[in-house]
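# Fold and contact review
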Amino acid sequence: MGSEFLEKAVLVFGCGNILFGDDGFGPAVVEYLQKHVDLPPEVLVQDVGTSIREILFDLALAAAKPRLLII
């Protein structure tokens, strides 16, 4: 993932591992939103798998914070 997530007002992160049954719920939600919802340009919906910790660390250190974060 690039640094695009540091520039968006609204972040939606789908967490989980699709290989572990219902742990893949987050990635499934992201896939649905990306295919069926017309998202505004200030919204980023991203499947982050199991790497959410690193992303949250980057967000904590960033100068600009998102207005809304959904995990």
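Summary of the structure given here. (Residues numbered from 1 in each chain as written. Predicted model: local features only at pLDDT ≥ 70, side-chain atom pairs only at ≥ 80, totals over all residues. Heavy atoms only, no water.)

## Side note on the overall build of the protein chain
Regarding its fold elements, the protein chain presents two helices and three strands. What you see in the protein chain, going N to C, is helices and strands ordered as β-α-β-α-β. Taken against the 2.2 N^0.38 rule, which gives 11 Å for 71 residues, the C-alpha radius of gyration of the protein chain at 12 Å falls within 12% of a compact globule. Oriented by its inertia axes, the alpha-carbon framework of the protein chain measures out at about 35 × 30 × 20 Å. Relative to its 71 residues, the protein chain shows a buried fraction of 30%. A separation threshold of at least 6 residues defines the contact pool for the protein chain, and within that pool the share at least 24 residues apart is 62%. Split by element, the accessible area of the protein chain, about 4900 Å² in all, is 59% carbon and sulfur. Distance between charge centroids for the protein chain: 5 Å, based on 5 positive and 10 negative side chains. (Helix = DSSP H or I, 4+ residues; strand = E, 2+ residues; numbered from the N terminus. Rg over C-alpha atoms; globule rule 2.2 N^0.38 Å. Buried < 20%, exposed > 50% of the residue type's maximum accessible area, 1.4 Å probe, protein only. Contact = heavy atoms within 4.5 Å. Areas by Shrake-Rupley, 256 points an atom, 1.4 Å probe, with all protein chains shown as cover. Lys, Arg positive; Asp, Glu negative; His and termini not counted. Charge placed at Lys NZ, Arg CZ, Asp CG, Glu CD.)

## Things to note about the pattern of salt bridges
Scanning all chains against the criterion turns up one salt bridge. In this structure, Lys35 and Glu31 form a salt bridge, with 2.9 Å as the shortest nitrogen-oxygen distance. Of the two residues, Lys35 and Glu31 both sit in helix H1 (residues 25–36), four residues apart, roughly one turn of that helix. For Glu31, a relative accessible area of 43% translates into the label partly exposed. (Salt bridge = Lys/Arg side-chain N within 4 Å of Asp/Glu carboxyl O.)

## With respect to the pairing of strand E2 (residues 43–49)
For E2, the buried fraction is high: five of the seven residues fall into the buried class. Across six bridges, strand E1 (residues 10–15) lies against E2 in parallel orientation. Its bridge partner being in E2, Phe13 is matched across the sheet by Gln46. (Pairing = 2+ DSSP bridges.)

## Thoughts on the sheet that holds E2
Strand order in the open sheet formed by three strands is E2-E1-E3, with parallel pairing between adjacent strands. Strand pairing shows two members of the sheet lacking a second neighbour, E2 and strand E3 (68–70), which therefore form its edges. Strand-to-strand twist in this sheet, taken as the mean axis angle between neighbours without regard to direction, amounts to 15°. Contacts from helix H2 (residues 52–61) reach E1, E2 and E3 within the one sheet, and its direction differs from that of E1 by about 160°. (Axes fitted to C-alpha atoms, helices over the stretch in contact; angles between N-to-C directions.)

## As for the side chain of Lys8
Counting through the fold element by element, Lys8 comes out in the segment before E1. Note on Lys8: relative accessible area 18%, which makes it buried. Leave out the neighbours within four places in its chain, and Lys8 touches Pro41, Glu42, Val43, Leu44 and Pro66.

## Thoughts on a nonpolar patch on the surface
Together, Ile18, Leu19 and Phe20 line one region of the surface with nonpolar side chains, adding up to about 410 Å² of accessible area. Following the sequence through the fold, Ile18 ends up in the loop between E1 and H1. A relative accessible area of 63% means that Ile18 is categorised as exposed. (Patch = residues over 30% accessible without salt bridge, like charges linked within 9 Å, V, L, I, M, F, W, Y side chains within 5 Å.)

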